[in-house]
Amino acid sequence: MDALLHQFFNIEVMLKAWPIVLRGTGLTILLCLAVIPLGLIGGLLVALASTSHRRMLRLPVVILVDFFRAVPPLALLILISAGLPFAGIRLSPFTAVLLSFFLNNSAYYGEIIRAGIESIGAGQQEAARSTGLNSWQTQCYVILPQALRNVLPDLVSNTIEVVKLTSLASVVAFAELLYAAEMARSVTYNASPLIMAAAIYLVLLWPAVRLASRLEHKL
Amino acid sequence: MTRFEAFLDTFFNVAVMQRYLPDIVAGFFVTCGIAVLVVVSGLALGLLLAVLRSYRIGWINFLIIIFVDLLRALPPLVLILILYFGLPNLGLTLSGYVVLWLVLSLVLAAFAEEIFWAGILSVNSGQRLAARSTGLGFLQTMVYVILPQAVRLTIAPLTNRTIAITKNTALGMVIGVGELLNQATTAQSFAGNATPLMMATIAYLILFVPVVYAGRWIETRYAWRRA
Amino acid sequence: MLMSVSGLRLSYGATEVLKGIDLEVDHGETIFVIGPSGSGKSSLLRCCNRLEEPSAGSIVFDGQELLAKGVDLNQIRRRIGMVFQSFNLYPHMTALGNVRLALRRVLKLSRDEADAVAKAQLDRVGLSSYISQYPSQLSGGQQQRVAIARALALEPRIMLFDEPTSALDPELVSEVLGVLSELKLDGMTMVVVSHEMRFARSAADRVVFMADGQIIETGPPEQIFTSPEVARTRDFVAQAAF
Ligand SMILES: Nc1ncnc2c1ncn2[C@@H]1O[C@H](COP(=O)(O)OP(=O)(O)OP(=O)(O)O)[C@@H](O)[C@H]1O
Ligand SMILES: [Mg+2]
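Residues numbered from 1 in each chain as written. Chains lettered and ligands numbered in written order. Predicted model: local features only at pLDDT ≥ 70, side-chain atom pairs only at ≥ 80, totals over all residues. Heavy atoms only, no water.

Engineer: Where do I start with the site of ligand 1 in this structure?
Structural biologist: Residues and elements named next belong to chain C. Around ligand 1, a shell composed of Tyr 12, Val 17, Pro 36, Ser 37, Gly 38, Ser 39, Gly 40, Lys 41, Ser 42, Ser 43, Arg 46 and Glu 163 is seen. Contact distances for ligand 1 include 2.5 Å between an oxygen atom and a side-chain N or O atom of Ser 43. Here Glu 163 contributes a side-chain N or O atom positioned 3.2 Å from an oxygen atom of ligand 1. Alone, ligand 1 offers 630 Å² of accessible surface; in the complex the protein occludes 58% of this. Looking at which element gives the most residues to the shell around ligand 1, the answer is helix 1 (residues 41-48), with 4 residues. In the shell around ligand 1, the residues fall into 3 nonpolar, 6 polar and 3 charged. (Near = heavy atom within 4 Å. Polar contact = N/O pair within 3.5 Å; in protein donor to acceptor, adjacent residues only side chain to side chain. Areas by Shrake-Rupley, 256 points an atom, 1.4 Å probe, with all protein chains shown as cover. Helix = DSSP H or I, 4+ residues; strand = E, 2+ residues; numbered from the N terminus. Nonpolar A, V, L, I, M, F, W, Y, C, P; charged D, E, K, R; others polar.)

Engineer: Would you explain the interface of chain B and chain A in this entry?
Structural biologist: Accessible area lost upon the coming together of the parts is a frequently used measure of interface size. Across the contact, 50 residues belong to chain B and 52 residues belong to chain A. Overall, the association of chain B and chain A removes approximately 4200 Å² of surface from exposure, summing both partners, and the carbon and sulfur fraction of that is 70%. When the buried area of chain B at its contact with chain A is split by residue, B:Arg72, B:Lys167 and B:Arg216 rank highest and sum to 15% of it. At the junction of chain B and chain A, the tally comes to 2 salt bridges. Residue A:Arg210 pairs with B:Asp69 through a salt bridge whose shortest N-O separation is 2.7 Å. (Contact = heavy atoms within 4.5 Å. Buried area = accessible area lost by both parts, 1.4 Å probe. Salt bridge = Lys/Arg side-chain N within 4 Å of Asp/Glu carboxyl O.)

Engineer: Could you clarify how one ought to interpret the packing of aromatic side chains in this entry?
Structural biologist: Between two aromatic rings, the relevant description is the distance of the centres plus the angle of the planes. Residues and elements named next belong to chain B. Scanning the model with the defined rule gives 10 aromatic pairs over all chains in all. Between Phe 7 and Phe 11, the ring centres sit 5.3 Å apart and the planes meet at 40 degrees, which makes this aromatic pair tilted. In this pair, Phe 7 and Phe 11 are both assigned in helix 1 (residues 3-11), 4 residues apart and thus about one turn of the helix distant. Looking at Phe 11, the relative accessible area reads 6%, which means it is buried. (Phe/Tyr/Trp six-rings, centres within 6.5 Å; stacked < 30°, edge-to-face > 60°. Buried < 20%, exposed > 50% of the residue type's maximum accessible area, 1.4 Å probe, protein only.)

Engineer: What is the right way to read helix 5 (residues 140-152) of chain C from this model?
Structural biologist: Residue pairs three or four apart in sequence face the same way in an α-helix, which turns once every 3.6 residues. Taking 1.5 Å of rise per residue, 13 residues should cover 18 Å, and helix 5 of chain C covers 18 Å from first to last C-alpha, within 8% of that figure. Counting buried positions over the 13 residues of helix 5 of chain C gives 13, a clear majority of the element. (Expected span 1.5 Å × (residues − 1).)

Engineer: Sorry if this is basic, but what is going on with the sheet that holds strand 10 (residues 214-219) of chain C here?
Structural biologist: Sheet strands line up and pair through hydrogen bonds in the backbone, either parallel or antiparallel. Residue and element names in this part refer to chain C. Here 6 strands make up an open sheet; going across it, the order is 6-7-8-3-9-10 and the pairing mixed. Every other strand in the sheet has two partners, leaving strand 6 (80-83) and strand 10 as the edge strands with one partner each. For this sheet, the mean inter-axis angle between neighbouring strands, taken without regard to orientation, is 20 degrees. Pairing of strand 9 (residues 206-211) with strand 10, which is carried by 5 bridges, proceeds in the antiparallel orientation. Each residue of the ladder has a partner; that of Met 210, found in strand 10, is Ile 215. Sheet strands in contact with helix 1 are strand 3 (30-34), strand 6, strand 7 (158-162), strand 8 (189-193) and strand 9, and its direction is about 150 degrees off that of strand 7. Packed onto the sheet, helix 9 (residues 231-239) meets strand 3, strand 9 and strand 10 and runs at close to 100 degrees relative to strand 9. (Pairing = 2+ DSSP bridges. Axes fitted to C-alpha atoms, helices over the stretch in contact; angles between N-to-C directions.)

Here it is, written out as structure tokens:
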């Protein structure tokens, strides 16, 4: 029991690690603030393209989405951050992380929003067009508001996944929360900083998890 | 060398491919093996928890909800690092393989529990009344009447979740599990060439694209059935 | 006396929906239960099968206390047939599968025996040519007859019907009522919650009027429908046009 407290809940170690872990938390939040909107925008574009009537637009997007659904995000991240330099393209860790998460998240958000759009009956489209709205107006004012509301639970739960995904950035030495905690662990030979990181993720995500499960069970 | 040749040389170098193919194949099978184990144990545990939850025993349900919330809120990589680097300090050393399998199984179980539970709730309560009124017991009602109906609705979300979580076998790289991505990055640093990463990507496509398509097929099929 | 309910109370959370029910059901008797919506008719039937846990009272069925601890509920339940307003057929099983399930899993009959019994019961309700249809392929009246066959197959001593015809289109009502009449001729004991006043009048041996979780009045159909003693009953019967 003492060993457990000492190794996992060591206040002294935690206090020492606090500044660096705090900085890491800041970077994680920053990363989320960049990655979530980017992913949503990308996802919206993906969804619009994959429900488009134009085959030339739809097909490549569907293939890309399937590619990103099949490749692990960590593999994608490493391909971009460690593979591209061989081709003479050197990205900062932050850019590499942003790019790979953008690609991955757009695919996932895209699938969700697409399902939402497809859940809206053709009658809505016809009714809107019959009142003279053009196709963009129809999407913006009639289809998308209903579509997004229908898939709100999935959007929330995917956003949780996106936040958790940022922890992968630690693997390519981007100094976010998990990287900071793991650094502190390897210096102190004590797992308390990792527990701290876990606690911070919990604080950030637990309310969202509750919300998601509320929304899911309401259906 | 033209730019195109340089590109081929960097990402699809035949010599490098031949040299590292055995490693990549070995990694591929490790990934497959862990993935299968995770799917089996994760889904089984998830189903078990969902059935347990339907007994509606207060404190057990409370524990199940806490378990699910924790595993939904924590990034799997955090759990992997805690188990892999933290437990040895307590005198309990688990191999990277065991840690990876354990963490991913628990994560999948948590998500699967939520999905199965939602499925069970979605079955009309009259079904339970009818089954119990003919003398079927609680578990019999579950197995023959509720679950067959619940599972239909859960298949699509379950496949998606299962794919997303088994893809996390790539996290094994961080704790030295000899899976696909690990083999590829090792080979890449030895070869000084990005070809092994490309090979791994292709291997992932071979492994998961069929599953993605199976999932999509199931989704449309059952969506149609429901209508 | 086949079933005897006394002092039965049931609450959902803080609201008491059955406030002391006493009712005796004789062998071969057909009892109709009528009353306004929310008066607790369905709740009473569900208690008679212990699908709800009453807070007080006793239900003696065939000499056995249903509410006692440790009774083999599933063996008792199979002797109490129940038919629901919304049929509650298992959508993933054929008509035959619906009838067969409890025969196999509760009575532990072999597949062949169970099939034979199930087919005979489906024949009895006039559905022998529909045994391999799924519920979604059957009309409402046919579905309800499958549900009746499902209950009858277990050879119940008593049948409880909860508004068996109120989810049906008017033209399908008579085929289900026909089955009820035949059961009555066969001597089955039945408790029927129904708004089919005309049918109640001809088929009931006794009519029970419930309101607010209590039995207000009991009597032969002639009395309840033409000269009820309680004002409340009179109002209800007058409103229920027939
Ligand atoms: N599962 C439940 N939880 C909480 N309250 C319930 C539940 N089932 C029924 N009630 C309440 O209990 C009361 C009696 O319901 P019950 O279904 O027994 O009435 P009923 O006489 O069958 O009405 P109806 O003619 O509408 O079927 C109603 O006020 C109803 O709202
Ligand atoms: Mg009712």
